[in-house]
Amino acid sequence: MERRKVVVVMKDLAEFMVFCPLLRRLKDEGIIVTTVAEGRALGRLYEVGLGCDALKPKPERVDENGCRQDIEASGFLKEYRPDLVLTGLGVPINLGEKFGLAANSLGIKLGYVLDLWGAESRSQAVPDFICTLDAVGEKSIRGWQPFAGKVPRVYVTGSPALDQLSNVEEPEYGEVLGRIRNMEGPVVLFVGQDESTTPALRGLVASLNGLGKDYVLIPRFHSKFLRRLELLAEWNGILGEARGNVLNVSSEVSIQKIMRVARFTVSIYSNALLEAAVLGSLPVSWISDIGRE
């Protein structure tokens, strides 16, 4: 019997977190898995020993958002002839959409595994099936107008990425994070994103200053936007107004580990809010006009 073949396309860290356990499971089942990665997912695949079948591109074929320009989706799928294509739905979307549209045109089955409600709207491709978080996600998919007349099969599966959070350990007491775990004042993790980070961070610092008590604020800015020096300068200026303790934790410490000690996790619309809820840190979505937009 010929072994089944699956092509998995991913870009963002959130997509990697969803697909990594699936990759291992598919391979354990004897399925031939071909990975196509760009952005942060590309490096993470190599870090965990899975590698990428679409080898690393030359630097000049990658834009500032980590999007690859060295792969032609239709040609790739014609060469590998998979039975199924699974694509991520990152922002900005690139290969996820290109491979989805190519799968549609070639008559190859296409599937999504969602880590966030409404992510199905990010691609113009029409999948054959979607795995979603819950009944809210299912309702969103069935009501998405571009799917009218060809609504994909919908499976409520939860998220493989959230399943993995059961392995996140609490910091040891000797670590900096361990020492602040039981402090009297609030410990707040702030997870930044794009320009909508600015009003959220400004409002958070002003609110914490107004408490009249000591606090610890741990900022973790999105790596994609750390290259925007004008944004970083503005964010650092806001942090300079904090009357509590601003604790910069090494990027080598996972954001999930920080959540094990942070009483609150504040962001705009990050997947980190879902993870915080699972890990026992109260998620707070700080929405401004620009964040809502």
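Reading the values: the criteria
Residues numbered from 1 in each chain as written. Predicted model: local features only at pLDDT ≥ 70, side-chain atom pairs only at ≥ 80, totals over all residues. Heavy atoms only, no water. Core = buried A, V, L, I, M, F, W, Y, C linked by side-chain atoms within 4.5 Å. Buried < 20%, exposed > 50% of the residue type's maximum accessible area, 1.4 Å probe, protein only. Helix = DSSP H or I, 4+ residues; strand = E, 2+ residues; numbered from the N terminus. Contact = heavy atoms within 4.5 Å. Lys, Arg positive; Asp, Glu negative; His and termini not counted. Salt bridge = Lys/Arg side-chain N within 4 Å of Asp/Glu carboxyl O. Polar contact = N/O pair within 3.5 Å; in protein donor to acceptor, adjacent residues only side chain to side chain. Phe/Tyr/Trp six-rings, centres within 6.5 Å; stacked < 30°, edge-to-face > 60°. Axes fitted to C-alpha atoms, helices over the stretch in contact; angles between N-to-C directions. Parallel < 35°, antiparallel > 145°, perpendicular 65-115°, else oblique. Left-handed = near helix turned anticlockwise from the far one by under 90°. Nonpolar A, V, L, I, M, F, W, Y, C, P; charged D, E, K, R; others polar. Pairing = 2+ DSSP bridges.

A. Region of interest: the nonpolar core. If you look at the biggest cluster of nonpolar residues, it comprises 48 residues, and the most contacted ones within it are Val7, Val8, Met10, Val36, Leu77 and Phe99. In terms of residues, this core owes the most to one element, helix H1 (residues 13-28), which gives seven residues. Discounting chain neighbours no more than four positions away, the residues touching Val7 are Thr34, Val36, Phe76, Leu77, Pro82, Leu84, Val85, Leu86 and Phe99.

B. Region of the structure containing the side chain of Glu275. Here Glu275 shows up in helix H12 (residues 272-279). The charged side chain of Glu275 is buried without a salt bridge, its nearest counter-charge being Arg220 at 9.6 Å. Here Glu275 is in contact with Leu162, Leu165, Ile255, Gln256 and Met259, once residues within four sequence places are set aside.

C. Molecular detail of the pattern of salt bridges. Counted according to the given criterion, the structure contains nine salt bridges. Between Glu234 and Arg202 there is a salt bridge; the shortest N-O distance is 3.6 Å. On the criterion of sequence distance, the pair formed by Glu234 in helix H10 (residues 229-239) and Arg202 in helix H8 (residues 197-209) is long-range, its members being 32 residues apart. On the accessibility criterion, Arg202 (43% relative accessible area) is partly exposed. Residue Arg292 pairs with Asp289 through a salt bridge whose shortest N-O separation is 3.5 Å. Note that Arg292 and Asp289 are positioned in helix H13 (residues 289-292) at a spacing of three residues, about one turn of the helix. Given a relative accessible area of 58%, Arg292 falls into the exposed group. Among the charged side chains, a network of salt bridges with common partners joins Glu195, Arg228 and Glu230.

D. Molecular detail of the environment of Ser196. By secondary structure assignment, the location of Ser196 is in the loop between strand S7 (187-191) and H8. Exposure remark for Ser196: the relative accessible area of 2% places this residue in the buried category. Remark: the alpha-carbon pair of Ser196 and Val113, spanning 83 residues in sequence, is separated by 27 Å. Ignoring anything within four residues of it in the chain, the contact list for Ser196 reads Ile268, Tyr269, Ile290 and Gly291. At a separation of 2.5 Å, a polar atom in the side chain of Ser196 contacts the side chain of Asp194.

E. The packing of aromatic side chains, seen in detail. Under the criterion given, the structure shown has four aromatic pairs. Taken together, a centroid distance of 6.2 Å and an interplanar angle of 65 degrees make the contact between Phe129 and Tyr155 edge-to-face. Taken together, the residues Phe129 in strand S5 (residues 129-132) and Tyr155 in strand S6 (residues 153-156) connect sequence positions 26 residues apart. We classify Phe129 as buried; its relative accessible area is 12%. In this structure Tyr155 comes out as partly exposed when scored by relative accessible area, which is 37%. Arranged with centres 4.8 Å apart and planes meeting at 25 degrees, the rings of Phe221 and Trp235 form a pair that is stacked. Of this pair, Phe221 sits in the loop between strand S8 (216-220) and helix H9 (223-226) while Trp235 sits in helix H10, and the two are 14 residues apart along the sequence. Among the aromatic residues, those joined into a ring-pair cluster are Phe76, Tyr80 and Phe99.

F. The packing of H1 against helix H2 (residues 39-47), seen in detail. Contact pair H1 / H2: the axes reach a minimum separation of 8 Å and the direction vectors enclose 40 degrees. Classed by the angle they form, the pair H1 and H2 counts as oblique. Crossing geometry of H1 relative to H2 is assigned as right-handed. Only Arg40, Ala41, Arg44 and Leu45 of H2 make contact with H1, whose side of the interface consists of Leu13, Phe16 and Leu23. Residues that form the contact of H1 with H2 fall into these classes: five nonpolar, no polar and two charged.

G. Seen up close, the sheet that holds strand S9 (residues 245-246). Taken in spatial order, the five strands line up as S9-S8-S7-S10-S11 in an open sheet, and their pairing is parallel. Two strands close off the open sheet at either side, each with one partner strand: S9 and strand S11 (282-285). Examined bridge by bridge, S7 and S8 share five bridges and lie parallel to one another. When the bridges of S8 are listed, Val191 appears paired with Arg220.

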